[in-house]
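# Structural overview for review
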Amino acid sequence: MKSLVILFIACFFSRLAFASEPANASVIEPKLVSVQAGKIKTATCPAGMTICSYEEYLERLVNVPAFEIAETEVTFAEWDACVKDGGCASPVSEFVFENRPIKPPCVAGAACQYPDDESWGRGKRPVINVSWDDVQLYLKWLNVKTAGHYRLPTSVEWEYAAAAGASTDFPWGAKLGKNNANCDGCGSQWGGKQTAPVASFKPNRFGLYDMLGNVEEWVSTCFPSAQKGSRKCSTYAYHGGAWSSVAKSMGLKNFNELYGMLRKNYIGFRLAR
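As a starting point, this report considers the structure included with it. Fair warning: this is a prediction, and the values are worked out from it, not measured in the lab.

## Quick word on the overall build of the protein chain
Check the secondary structure of the protein chain and you find four helices and eight strands. Going from the N terminus to the C terminus, the protein chain shows its helices and strands as α-β-β-β-β-α-α-α-β-β-β-β. Along the first, second and third principal axes, the C-alpha set of the protein chain runs to 80 × 45 × 45 Å. A buried classification covers 46% of the 273 residues belonging to the protein chain. For the protein chain, contacts bridging at least 24 residues in sequence account for 67% of all contacts bridging at least 6.

## What to know about the environment of Trp141
Here Trp141 lies in helix α3 (residues 132-146). Residue classification places Trp141 among the buried residues on the basis of a relative accessible area of 7%. Along the sequence, Trp141 and Asp85 sit 56 residues apart, while their C-alpha atoms lie 9.0 Å from each other.

## Observations concerning the state of the cysteines
What the rule picks out here adds up to five disulfides. In this model Cys45 forms its disulfide with Cys52; the gap between the sulfur atoms is 2.2 Å. Where Cys45 bonds to Cys52 through sulfur, the torsion about that S-S bond is close to -105°, and the disulfide is left-handed. Using a relative accessible area of 5% as the deciding quantity, one classes Cys45 as buried. The partner cysteine of Cys106 in its disulfide is Cys112, sulfur to sulfur 1.9 Å. As the torsion about the S-S bond is roughly 65°, the Cys106-Cys112 disulfide counts as right-handed. Here Cys106 and Cys112 have matching classes, each one buried. Here the protein chain pairs its bonded cysteines, counted in sequence order, in the arrangement 1-2, 3-4, 5-6, 7-8, 9-10.

## A short note on the pattern of salt bridges
Following the criterion strictly, the structure yields 12 salt bridges and no others. The salt bridge partner of Asp116 is Lys103, with a shortest N-O separation of 3.0 Å. Of this pair, Asp116 sits in the loop between α2 (76-84) and α3 while Lys103 sits in the loop between α2 and α3; the two residues are 13 residues apart in sequence, bridging distant segments of the chain. For Asp116, a relative accessible area of 11% corresponds to the buried category. With relative accessibility at 37%, the residue Lys103 sits in the partly exposed group. Ionic contacts of the salt-bridge type, sharing partners, join the residues Asp80, Asp117 and Arg122 into one network.

## A few points about the environment of Val215
Within the secondary structure, Val215 sits in the loop between α4 (155-163) and β5 (216-224). Spatially, the C-alpha atoms of Val215 and Gly268 are 5.8 Å apart, while their sequence positions differ by 53 residues. If we ignore the near neighbours within four places in the chain, the residues touching Val215 are Glu73, Pro126, Ile128, Thr195, His239, Gly241, Ala242, Tyr266, Ile267 and Gly268.

## Notes on the layout of surface pockets
There is about 520 Å³ of room inside the largest pocket. Lining of the largest pocket is provided by 30 residues; of these, Thr44, Thr154, Ser155, Val156 and Thr221 occupy positions nearest its centre. For the lining of the largest pocket, the elements supplying multiple residues, two or more each, are β2 (38-44), β3 (58-64), α4 and β5. With five residues, β3 is the single largest residue contributor to the lining of the largest pocket. Per-class residue counts for the lining of the largest pocket are 14 nonpolar, 10 polar and six charged. Within this model, the second largest pocket holds a volume of roughly 300 Å³. Along its surface, the second largest pocket is lined by 18 residues, and Ala163, Ala166, Ser167, Thr168 and Lys253 are the ones closest to its centre. Considering only residue class, the lining of the second largest pocket consists of eight nonpolar, five polar and five charged.

## Some points on the nonpolar core
Counting residues in hydrophobic clusters, the biggest one holds 37 residues, and the most contacted among them are Trp79, Tyr138, Trp218, Phe269 and Leu271. Where this core is concerned, the elements lending two or more residues are α2, α3, β5 and β6 (233-239). Judged by nonpolar contacts, the second largest core, of 30 residues, contains Val33, Cys45, Tyr160 and Phe223.

## Details of the environment of Glu217
Residue placement: Glu217 occurs in strand β5. Contact partners of Glu217, with chain neighbours within four places excluded, come to Glu73, Trp158, Asp210, Met211, Ala237, Tyr238, His239, Gly268, Phe269 and Arg270. Side-chain polar atoms of Glu217 contact the side chain of Trp158, separated by 3.0 Å.

Parameters and conventions
- Residues numbered from 1 in each chain as written.
- Predicted model: local features only at pLDDT ≥ 70, side-chain atom pairs only at ≥ 80, totals over all residues.
- Heavy atoms only, no water.
- Helix = DSSP H or I, 4+ residues; strand = E, 2+ residues; numbered from the N terminus.
- Buried < 20%, exposed > 50% of the residue type's maximum accessible area, 1.4 Å probe, protein only.
- Contact = heavy atoms within 4.5 Å.
- Disulfide = S-S within 2.5 Å.
- Salt bridge = Lys/Arg side-chain N within 4 Å of Asp/Glu carboxyl O.
- 1 Å grid on protein atoms, 1.4 Å probe; cavity = no way out; pocket = protein on both sides within 12 Å on 5 of 7 lines; lining within 4 Å.
- Points joined across faces, edges and corners; volume = space filled by probe spheres on them.
- Nonpolar A, V, L, I, M, F, W, Y, C, P; charged D, E, K, R; others polar.
- Core = buried A, V, L, I, M, F, W, Y, C linked by side-chain atoms within 4.5 Å.
- Polar contact = N/O pair within 3.5 Å; in protein donor to acceptor, adjacent residues only side chain to side chain.

Rendered as C-alpha cells:
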C-alpha cells in the first residue's frame, strides 16, 4: 500500500513538471513596441491603391493606424530556432544561387538550411542572407507556433516608426553624426566591415533599435513588373541602410527594391503586427 502511495505521488509530480514546461520552448518571440496612430507625409501609392509602380508614387499625407513593431531586427538565434524545428527549410534548387553555401553550422552531404553569417557570428546579430521569400516561411512557422499574427511592416509603417515623430533626416537630428548607427562612415567599430549585435546603439524615441543602419529591412510593400497595367508583385522594398551603406546614402526616406528570391548579406527584417 505504501509503495502505491509513493508511486502515485511520484507520477503526480512528474506530470505536474511536464505540464509546467513552456509551450514552444524553442520559439523566441520578439519584444514589440506599440506605435500609436498618426500621420506622415511620404511618397507612396495614390489613395486607394496598394500596389503601384514607383513612377506612380505621390507625396501625400498618409493616415497610419496603430500597430506594433519589434524593438530589434530578427536575430540569428530567432531564425535558427525555426531551422531546428523544420520550419525554415527550402528544397534544393536547380539554380545554384538559391542553394545556401555549405558553411558551419551546416555539414557537407546535406542541403544547408542555415543562413550564412559571413563568419561574423550568430546569436544576437541580425539574421542576414535571407530573401523575402525565406521570410514568408519564417512568418508562417512563427504564426503557427504562437498564433501571434506576425507580419512584415509596410513601407509607410516602417518610415513612421523609424522617424518616431522626428521631422529631420535622421531620428536623432538633422545630421548623421558619429556612432549613432552602423554604416560605412557612421563612425562605429563595425561600419563598413560587418553587422553589429542588435541594440548596440541608442533607440529612437519609440524605443526601436537600428531602424537606420546595421542591416536593411524587408517590408511587405512591393512593386509590379514593367508590364503596363500590372498589379502583380515583382520586387519588394527594403529600408534603413546597412553596415555596408555609405554615409551619404543614409536617411529615413531612402529605400531600394529587390527580387523576392535573392539573399544579401546586408538585408534582414523585423516583425510587426
